[in-house]
Amino acid sequence: MSIIKLDAISKWYGEVLGLNNLTVTIGHGITALVGPNGAGKSTLMGLIMGQIKPSKGAIQVLSQPPWNNPHVLSQIGYCPEGDPFWMNITGRYFVRFLAGLSGMNRRAANLAADEAIERTDMTRDMNRPIGTYSKGMRQRIKIAQALVHKPKLLVLDEPFTGADPVARSELATLFRGLADQVDILVSSHVLHEVEGMTQQILMIARGRLVATGDLRSLRRQMHHRPHIIRVRLDHPRNLASALSSLDAVSGLRVPSPDTLLVETTQPDMVYDRIHNLLIAGNMNVREIAPADENLEAVFGYLTDRNGASADSSAN
Amino acid sequence: MRALFNFTIRQTFCQKKIWFTLLLLILPVGLTLLPRILSPTQSANKMWNHYHIQVNSFIFMMILPLMCMLHGNALIGADAEKGTLAYLLTRKLKRSKVLLVKFAAMVLLLTIMVCFALLIQYIATFAGVNVESLGKPHGQVWQPFSELLAYLFVTPFAVASYLSIFVLISLVASRPLMASIMYAVIVEMFLANLPVGIHVYSITHQIRAVTVKWIPNLSSLYQEFTEMQDEFIVNNHGGIGALGAIILVSLVLSCLLVSTRELTVTKVDND
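The structure presented is a predicted model; accordingly, all values stated were derived computationally and were not measured.

**Some details on unusual backbone geometry**
Of note, the phi angle at Asn68(A) is positive, near 50°, even though the residue is not glycine. On the accessibility criterion, Asn68(A) (14% relative accessible area) is buried.

Below, the structure is given as structure tokens:
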């Protein structure tokens with residue numbers, strides 16, 4: 001059974017396209033929404049939380065549209081991106097106040113706030129103003145307010161941002177622990193942050209869903225991605241002509257007088273060949289390195305590939 | 001709802017602008033005490049005029065719109081800008097309820113502040129003065145306390161109507177502060193004082209209509225407006241009913257807007 005269902009959702013901000021015809025169903029457990037900065041993750045989170053309206057398409061969260069729907073929203077715990085806080089109030093007051101807004105009376109709100117704060121390990125600092133908290137503490141108190149009314153679904157927008165490695169690991173452990181009682185949708189622009197938490201990944205880039213599934217199938221899709229190897233040496237054209245006969249090489253470029261970019265789907269074979277040629281040819285090499293191993297490049301590849309397949313199917 | 005009501009009041013007290021507005025409100029007290037110190041003997045007419053000018057021209061016509069502008073614009077806008085509105089709009093409350101509860105809290109707070117200013121203005125003017133010995137102001141019997149009650153009575157209506165208008169403007173305009181200033185200057189300062197029928201569409205005029213009905217001789221402060229005062233009094237135009245209508249219409253429109261419009265500031269960087 002799905003907890004979130006998006007049907008052909010598009011969102012424009014004037015001329016800017018935030019989301020482009022997104023259809024996706026999110027089920028139980030922990031689901032990670034991954035994409036580079038500006039991919040449309042926060043727009044998607046805003047739509048799910050009823051903060052923004054879709055320009056086109058329909059959205060259902062817990063089987064109902066979320067816009068201005070307190071019944072649905074009261075069942076979701078939301079942890080927004082960034083640092084949106086009333087800095088002068090204490091962490092405890094913050095969580096207790098939002099518990100009160102969730103319909104609890106004063107006594108119940110106090111109890112629920114203390115419990116949520118304890119779960120996020122903030123009890124020691126709960127009586128300090130939020131303005132004095134570190135980034136990691138602010139993330140934890142945001143999570144406490146999202147948990148305070150015992151929601152069915154937790155929506156966490158970039159919860160790892162600003163947290164140090166230890167805090168990240170603690171947060172990931174906390175989320176894994178919560179997954180038994182609550183479904184979680186967590187967004188991140190760093191794939192490895194969510195790798196240890198879940199196998200269910202949604203990848204979006206440029207407002208489009210570029211890949212979905214478990215981590216293994218995503219890795220398989222990325223395996224076929226052409227790799228680009230950058231070689232910096234004195235005479236790049238000599239090496240280029242020596243590599244041009246290889247079937248594994250799908251492209252060669254000389255972007256500057258001392259750089260050669262080699263495009264291949266079999267990087268291991270090409271690395272070996274380059275090494276052999278360099279040794280035999282006595283070339284003065286300064287660097288051999290992958291040029292596109294970052295996540296942006298992976299998203300770019302998946303986006304272009306999906307875009308091309310969409311175009312070809314349209315034709 | 002009570003949690004949001006209390007929180008709105010608490011947060012307002014933590015802002016610097018509330019202290020700025022409080023300072024503005026007690027400014028007329030200074031302007032009252034100064035002449036009392038400099039020239040202790042005053043005529044009845046002068047004293048009566050001075051008191052009512054301070055209350056009407058300073059408090060009701062200048063300071064009250066200014067403070068409602070500042071707080072009305074920030075009622076939803078401040079939380080939207082900070083991103084904290086997301087916490088309020090994702091709870092067990094309808095969007096319109098969030099607006100109405102915050103509005104009610106702000107009306108209460110500003111009303112108390114203005115009433116406090118009116119009280120200390122009254123004390124600063126009349127404390128230690130035997131008004132009867134000064135003679136009759138404009139040939140009428142002194143009624144300072146019943147006049148104070150008239151001002152206290154109109155205050156919540158004045159606060160709510162100004163505040164509701166500025167909240168509405170903040171929800172409609174892309175540059176709320178600029179739009180609010182333009183509204184205040186064009187409608188409340190210019191149109192309100194025109195000796196033609198259009199002045200009835202200003203809150204300033206409606207407040208004046210109420211106080212003129214309750215306080216004898218008040219229209220003498222606005223000699224140049226006597227015609228228009230007579231006009232709406234005779235025709236029974238304006239007053240509390242008109243202020244109530246302004247509040248109702250503004251709030252209904254504001255609730256409609258918050259229920260249908262996106263209020264959070266969304267970061268858009270994927271072009």
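**So, the sheet that holds strand β12 (residues 259-264) of chain A**
Residue and element names in this part refer to chain A. Ordered in space as β11-β12-β10-β13, the four strands form an open sheet in which the pairing is antiparallel. Across the chains shown, the open sheet's two edge strands, defined by having one partner strand only, are β11 (249-256) and β13 (285-290). Within the sheet, the average angular offset between the axes of one strand and its neighbour, ignoring direction, is 20°.

**Notes on helix α6 (residues 165-178) of chain A**
Every α-helix winds through 3.6 residues per turn, so residues three or four apart in the chain are directed the same way. All names here are of chain A. The terminal C-alpha atoms of α6, which comprises 14 residues, lie 20 Å apart, in line with the 20 Å expected from a rise of 1.5 Å per residue. Restricting attention to buried positions, one finds in α6 the residues Ala-167, Leu-171, Ala-172, Leu-174, Phe-175 and Leu-178. Each buried residue of α6 sits inside an arc of 160° when the element is viewed along its axis, so together they form one side. Turned more than 90 degrees away from the buried face of α6 sit Pro-165 and Val-166, all of them exposed. Looking at the buried residues of α6, the elements they touch are β3 (30-34), α4 (106-119), α5 (135-147), β6 (153-156) and β7 (183-188).

**Regarding the interface of chain B and chain A**
If you look at the interface, chain B gives 32 residues, while chain A gives 42 residues. Carbon and sulfur atoms make up 56% of the area that chain B and chain A hide from each other, which totals about 3,300 Å². Taken together, the links from chain B to chain A amount to one salt bridge. Here Glu262(B) ties to Lys11(A) by a salt bridge, and the two come within 2.6 Å at their closest N and O atoms. Elements represented by at least two residues in the side of chain B that touches chain A include exactly α1 (2-13), α3 (44-82), α4 (85-89) and α10 (240-260) of chain B. The element that contributes the greatest number of residues to the side of chain B that touches chain A is α1(B), accounting for five residues. Residues of the side of chain B that touches chain A, tallied by class, amount to eleven nonpolar, nine polar and twelve charged.

**Observations concerning the packing of aromatic side chains**
Any two aromatic rings considered together are summarised by their centre-to-centre distance and by the angle between their planes. Throughout the structure, instances matching the rule amount to 18 aromatic pairs over all chains. On the numbers, 5.4 Å between centres and 65° between planes, the contact of Phe85(A) with Phe94(A) is edge-to-face. For Phe94(A), a relative accessible area of 0% gives the class buried. Ring geometry for Phe94(A) and Tyr87(B): centres 5.1 Å apart, planes at 85°, overall edge-to-face. With Phe94(A) in helix α3 (residues 91-101) and Tyr87(B) in helix α4, this residue pair bridges two chains. Look at Tyr87(B) and you get buried, because its relative accessible area is 1%. The structure contains a cluster of three or more aromatic residues connected by ring pairs, namely Phe85(A), Trp86(A), Tyr93(A), Phe94(A), Phe97(A), Phe7(B) and Tyr87(B). A cation sits over an aromatic face here: Arg10(B) above Tyr93(A), 4.0 Å from the ring centre. Here the basic side chain of Arg95(B) rests over the ring of Trp67(A), its NZ or CZ set 4.0 Å away from the ring centre.

**Description of the nonpolar core**
Residues Phe94(A) and Phe175(A) are the most contacted members of the largest nonpolar core, which totals 127 residues. With sequence-adjacent residues up to four places away left out, Phe94(A) is seen in contact with Phe85(A), Trp86(A), Ile89(A), Ile130(A), Ile141(A), Gln145(A) and Tyr87(B). Grouped together as the second largest cluster of nonpolar side chains are 30 residues, Ile9(A), Val24(A), Leu47(A) and Leu153(A) included.

**Thoughts on the confidence of the model for chain A**
All names here are of chain A. Of all residues in chain A, 90% have pLDDT values of 70 or greater, and the mean over the chain is 85. Ranking the elements of chain A by mean pLDDT puts helix α11 (residues 295-314) last, at 55, and α3 first, at 95. Low pLDDT, under 50, characterises residues 308-315; the stretch is placed with zero contacts to residues that sit more than four places away or in other chains.

**Here's the deal with the pattern of salt bridges**
All names here are of chain A. On inspection of all chains with the given rule, the structure shows twelve salt bridges over all chains. The closest approach of N and O atoms between Arg-128 and Asp-125, which form a salt bridge, is 2.9 Å. Look at Arg-128 and you get partly exposed, because its relative accessible area is 31%. Bridged by salt links that share partners, the residues Arg-232, Asp-234, Asp-258 and Arg-286 form one connected network.

What counts, and where the lines are drawn
- Residues numbered from 1 in each chain as written.
- Chains lettered and ligands numbered in written order.
- Predicted model: local features only at pLDDT ≥ 70, side-chain atom pairs only at ≥ 80, totals over all residues.
- Heavy atoms only, no water.
- Buried < 20%, exposed > 50% of the residue type's maximum accessible area, 1.4 Å probe, protein only.
- Pairing = 2+ DSSP bridges.
- Helix = DSSP H or I, 4+ residues; strand = E, 2+ residues; numbered from the N terminus.
- Axes fitted to C-alpha atoms, helices over the stretch in contact; angles between N-to-C directions.
- Expected span 1.5 Å × (residues − 1).
- Arc of directions from axis to C-beta.
- Contact = heavy atoms within 4.5 Å.
- Buried area = accessible area lost by both parts, 1.4 Å probe.
- Salt bridge = Lys/Arg side-chain N within 4 Å of Asp/Glu carboxyl O.
- Nonpolar A, V, L, I, M, F, W, Y, C, P; charged D, E, K, R; others polar.
- Phe/Tyr/Trp six-rings, centres within 6.5 Å; stacked < 30°, edge-to-face > 60°.
- Lys NZ or Arg CZ within 6 Å of the ring centre and 35° of its normal.
- Core = buried A, V, L, I, M, F, W, Y, C linked by side-chain atoms within 4.5 Å.
- pLDDT = per-residue confidence, 0-100.

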